[in-house]
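Breakdown of the fold
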Amino acid sequence: MMYGDSGFRNGYSQYGARGEPRYRRGRRGPGDLRGGRGPFRVCSYYPSSSSSASTPSYAQPLEGDRASSPRWLEFDRAYFQSYSHVGIHEEMIKDRLRTDTYRAAIMRHQHFIAGKVVMDVGCGTGILSIFCAQAGARRVYAVEASEIAVQANEVVKENDLSDKVIVLHGRVEDVNIEEKVDVIISEWMGYMLLYESMLASVIFARDKWLKPGGLILPSHATLYMAPVTDSERYRDSIDFWRDVYGIDMSAMLPLAKQCAFEEPVVDTISGENVLTWPFVVKYVDCYTVTAQELESITTKYRFASMMQAPLHGFAFWFDVEFNGPPMFPLNNHLHFPPANSSSDFYAHGSGHRKKRVKSDDVIVLSTAPEDAPTHWQQTMLYFYEPIEVKQDQIIEGSITLCQSKENPRFLNIHLEYSSGGRSFVKESVMR
């Protein structure tokens, strides 16, 4: 079965139309494009429908790049327009855990930032760029492809930082910067870490502009998965139809399951829902990762349930770390300074992570169920039918995440799972 089919082989056929793209924080309407002044440089733009202007620079084919596809350009246009709405940025900034962690990381690495040149990839309203300027950066290139760049430029001017922060309106793949940078900062993480494929833009910036020994924030990221039980969710969405004001509406159950569980669900669960220690799906070193290795990720997993409960699906979440740059080569590999990194254990062969030991040496932004909630929440992949598992019962299979052929910013999910002598396959698309 092709990944783009988004079909299933566990008992139910496909119903209804696809949902609208969520673009991480929800799909928003386009904003207004207005001119800017001062350090604001329009490197690419979205012409109005009545404009006869030539094709904008972001629409020019990039050699060897998926961006050469006309369909990709249309998807990119919708993606960037979704970030033109102020509501998306309000939600991100009001996520205090997210914003405070980034500010703390900037101040922790102030000695790398003060007097240096910084690039903020996908700056949004410019808040991280301003944090870097406040930390003493000599110059900050705030790159933003959506129309919110206009407002970001005004924010910079109102805070008297126009001499330090230069807002560039365009994709990072298209802007022109005539100097190398010492630091790259970006809040690139999407739902399930990799949704939206924004990390590829950070990699592009790293390879083109980052000086040797430069700093990348965040420096490392880890995607986890774990089996979960969530009887309340199943009861609210499915069992409701068995008795509706005394009427048996069980005929609605197949459609209800399809509508509720066809696509991944972004929701908040607690640690009590998780049946085992989590498994590492992908560990990302932002200093060395390539865009190609993110196009398709496959890993096998094996869990032993820590309790008897119905297995309703799998939860996915991530954390990111803000480590300094590699210091020196060791056996032809980059070596990082010793630290009590939360990645040390599972980055060297073990796929399971126990509860993180708190450390002042590493700043970590976590979206785990046992930690304080964030706007990313957790991503849930529910089964149509729960599986009853006993304590110590094995749950195993494989998971493949790949960029969708339908839209490279979407995420195809191919899940194989077995337990108690039963095996299933579920395929879904995160739009």
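The following paragraphs examine the structure supplied in this document. Since the structure is predicted, the reported quantities are computational estimates derived from the model, not experimental observations.

Running from amino to carboxyl end, helix α3 (residues 96-108) crosses helix α5 (residues 127-134) at an angle of 30 degrees, the nearest separation of the two axes being 10 Å. For the element pair α3 / α5, the angle class is roughly parallel. Seen along the crossing, α3 lies across α5 with a hand that is right-handed. Where α3 approaches α5, its residues T99, Y102, R103 and I106 are matched on the opposing element by I127, L128, F131 and C132. Grouping the amino acids of the contact of α3 with α5 by side-chain chemistry returns six nonpolar, one polar and one charged.

Here helix α7 (residues 199-209) has its buried residues at L199, S201, V202, I203, A205, R206 and W209. Its buried side turned inward, α7 meets β2 (117-121), β5 (181-186), β6 (210-217), β9 (279-285) and α10 (291-294).

Moving on: the pattern of salt bridges. For the structure on display, the rule yields 16 salt bridges. A salt bridge links E187 to R98; the nearest nitrogen and oxygen atoms lie 2.8 Å apart. With E187 in the loop between β5 and α7 and R98 in helix α3, this pair connects stretches of sequence that are 89 residues apart. With its nearest N and O atoms 3.9 Å apart, the salt bridge here joins D267 to R233. In this pair, D267 sits in strand β8 (residues 265-267) while R233 sits in helix α8 (residues 231-237), placing the two residues 34 residues apart along the sequence. Look at the salt bridges and you will find they share partners, linking R96, D100 and R103 into a network.

Turning to the packing of aromatic side chains, a few remarks are in order. Within this structure, the stated rule accounts for 15 aromatic pairs. Each ring, one from F240 and one from W241, has its centre 4.9 Å from the other, and the planes form 75 degrees; the classification is edge-to-face. For W241, a relative accessible area of 22% gives the class partly exposed. Judged by centre distance (6.2 Å) and plane angle (75 degrees), the ring pair of F279 and F303 falls under edge-to-face. Note that F279 is positioned in strand β9 and F303 in strand β10 (residues 296-304), a separation of 24 residues in sequence. Exposure class is identical for F279 and F303. Each is buried. An aromatic cluster is built from F279, Y301, F303, F314, F383, Y417 and F424, whose rings are joined through pairwise contacts. Over the ring of Y384 we find K426, and its NZ or CZ is 5.0 Å from the ring centre.

On to the environment of D371, then. Here D371 lies in the loop between β14 (364-366) and β15 (378-389). For D371, a relative accessible area of 17% gives the class buried. Remark: the alpha-carbon pair of D371 and S270, spanning 101 residues in sequence, is separated by 8.6 Å.

Below, the discussion takes up empty space enclosed by the protein. Take a probe with the size of a water molecule and roll it over the atoms, and the empty space left behind shows itself. Scanning the model with the defined rule gives three cavities of 30 Å³ or more in all. There is about 110 Å³ of room inside the second largest cavity. Surrounding the second largest cavity, 14 residues form its lining, L194, S197, L199, L294 and Q403 being those nearest its centre. The set of elements that each furnish at least two residues to the lining of the second largest cavity consists of α7 and β16 (394-403). Top contributing element to the lining of the second largest cavity by residue count: β16, with three residues.

Let's shift gears to the side chain of N273. Structurally, N273 can be placed in the loop between β8 and β9. A relative accessible area of 17% means that N273 is categorised as buried. Excluding residues that lie within four positions of it along the chain, N273 makes contacts with P227, V228, T229 and D230.

Take the sheet that holds β16 next. Note: strands within a sheet are paired through backbone hydrogen bonds, in either parallel or antiparallel orientation. Taking strand neighbours across the sheet as the criterion, the four strands line up as β10-β16-β17-β18 in an open arrangement whose pairing is antiparallel. The open sheet has two edge strands, β10 and β18 (422-430), and neither has a second partner. Here the average twist between neighbouring strands, direction ignored, is 15 degrees. Summarising the sheet, β16 and strand β17 (residues 411-419) pair through nine bridges and their orientation is antiparallel. Its bridge partner lying in β17, G397 is registered against Y417.

About the cut-offs
- Residues numbered from 1 in each chain as written.
- Predicted model: local features only at pLDDT ≥ 70, side-chain atom pairs only at ≥ 80, totals over all residues.
- Heavy atoms only, no water.
- Axes fitted to C-alpha atoms, helices over the stretch in contact; angles between N-to-C directions.
- Helix = DSSP H or I, 4+ residues; strand = E, 2+ residues; numbered from the N terminus.
- Parallel < 35°, antiparallel > 145°, perpendicular 65-115°, else oblique.
- Left-handed = near helix turned anticlockwise from the far one by under 90°.
- Contact = heavy atoms within 4.5 Å.
- Nonpolar A, V, L, I, M, F, W, Y, C, P; charged D, E, K, R; others polar.
- Buried < 20%, exposed > 50% of the residue type's maximum accessible area, 1.4 Å probe, protein only.
- Salt bridge = Lys/Arg side-chain N within 4 Å of Asp/Glu carboxyl O.
- Phe/Tyr/Trp six-rings, centres within 6.5 Å; stacked < 30°, edge-to-face > 60°.
- Lys NZ or Arg CZ within 6 Å of the ring centre and 35° of its normal.
- 1 Å grid on protein atoms, 1.4 Å probe; cavity = no way out; pocket = protein on both sides within 12 Å on 5 of 7 lines; lining within 4 Å.
- Points joined across faces, edges and corners; volume = space filled by probe spheres on them.
- Pairing = 2+ DSSP bridges.

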